[in-house]
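Here is how the chains run, residue by residue.
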Amino acid sequence: MKLLKALISFIVGTIAGAVGSKLFGSFGAVLGFVAGGVAAWWVARRVFD
């Protein structure tokens with residue numbers, strides 16, 4: 001279950017980072033990856049716990 005949560009977090013963080021990169025450049029990529037990871041962690045926690 002922990003591996004599934006980590007996978008979901010990584011995928012959502014990567015997608016958010018790519019979108020942030022397109023919109024805001026390098027800084028947006030980092031910010032999008034972090035924000036996406038936190039959001040995915042929260043969703044995974046709510047769904048699987």
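Provided above is the structure to which this section pertains.
What comes next is a walk through the structure. The model shown is predicted, which means the values in this text are computed figures rather than measured ones.

Brief notes about the overall build of the chain
Part 1: Across its full length, the chain holds 2 helices and 0 strands.
Part 2: In terms of overall dimensions, the chain has a C-alpha envelope of 35 × 15 × 10 Å along the principal axes.
Part 3: Considering the chain as a whole, with its 49 residues, one finds that 20% of them fall into the buried category.
Part 4: Accessible surface, the chain: about 3800 Å² in total, of which carbon and sulfur atoms supply 77%.

Section: the packing of helix α1 (residues 2-24) against helix α2 (residues 26-48)
When two helices pack together, you describe them by how their axes are tilted relative to each other and by the distance separating the axes.
Part 1: Two elements in contact, α1 and α2, have axes separated by 6 Å at closest approach and are oriented at 150°. The angle between the axes of α1 and α2 places the two elements in the roughly antiparallel class. For the crossing formed where α1 meets α2, the hand is right-handed.
Part 2: A class-by-class count of the residues in the contact of α1 with α2 yields 13 nonpolar, 11 polar and 1 charged.

Structural notes on α1
At 3.6 residues per turn, the α-helix brings residues three or four places apart onto the same side.
Part 1: Taking 1.5 Å as the rise per residue, α1 with 23 residues should run 33 Å; its terminal C-alpha atoms sit 32 Å apart, in good agreement.
Part 2: Restricting attention to buried positions, one finds in α1 the residues Ser 9, Gly 13, Gly 17 and Gly 20.
Part 3: Positive phi appears at Gly 25, one or two residues downstream of α1, with a value of about 85°.

Some remarks on the environment of Val 30
Part 1: Note that Val 30 resides in helix α2.
Part 2: You can call Val 30 exposed: its relative accessible area is 55%.
Part 3: Sequence separation between Val 30 and Gly 20 is 10 residues; the distance between their C-alpha atoms is 7.7 Å.

Some details on α2
Part 1: The end-to-end C-alpha distance of α2 is 32 Å, a good match for the 33 Å that 23 residues give at a rise of 1.5 Å each.
Part 2: Residues of α2 that are buried include every one of Gly 28, Gly 32, Gly 36, Gly 37, Ala 40 and Ala 44, and no others.
Part 3: Buried residues along α2 sit against α1.

Criteria and thresholds
- Residues numbered from 1 in each chain as written.
- Predicted model: local features only at pLDDT ≥ 70, side-chain atom pairs only at ≥ 80, totals over all residues.
- Heavy atoms only, no water.
- Helix = DSSP H or I, 4+ residues; strand = E, 2+ residues; numbered from the N terminus.
- Buried < 20%, exposed > 50% of the residue type's maximum accessible area, 1.4 Å probe, protein only.
- Areas by Shrake-Rupley, 256 points an atom, 1.4 Å probe, with all protein chains shown as cover.
- Axes fitted to C-alpha atoms, helices over the stretch in contact; angles between N-to-C directions.
- Parallel < 35°, antiparallel > 145°, perpendicular 65-115°, else oblique.
- Left-handed = near helix turned anticlockwise from the far one by under 90°.
- Nonpolar A, V, L, I, M, F, W, Y, C, P; charged D, E, K, R; others polar.
- Expected span 1.5 Å × (residues − 1).
- Contact = heavy atoms within 4.5 Å.

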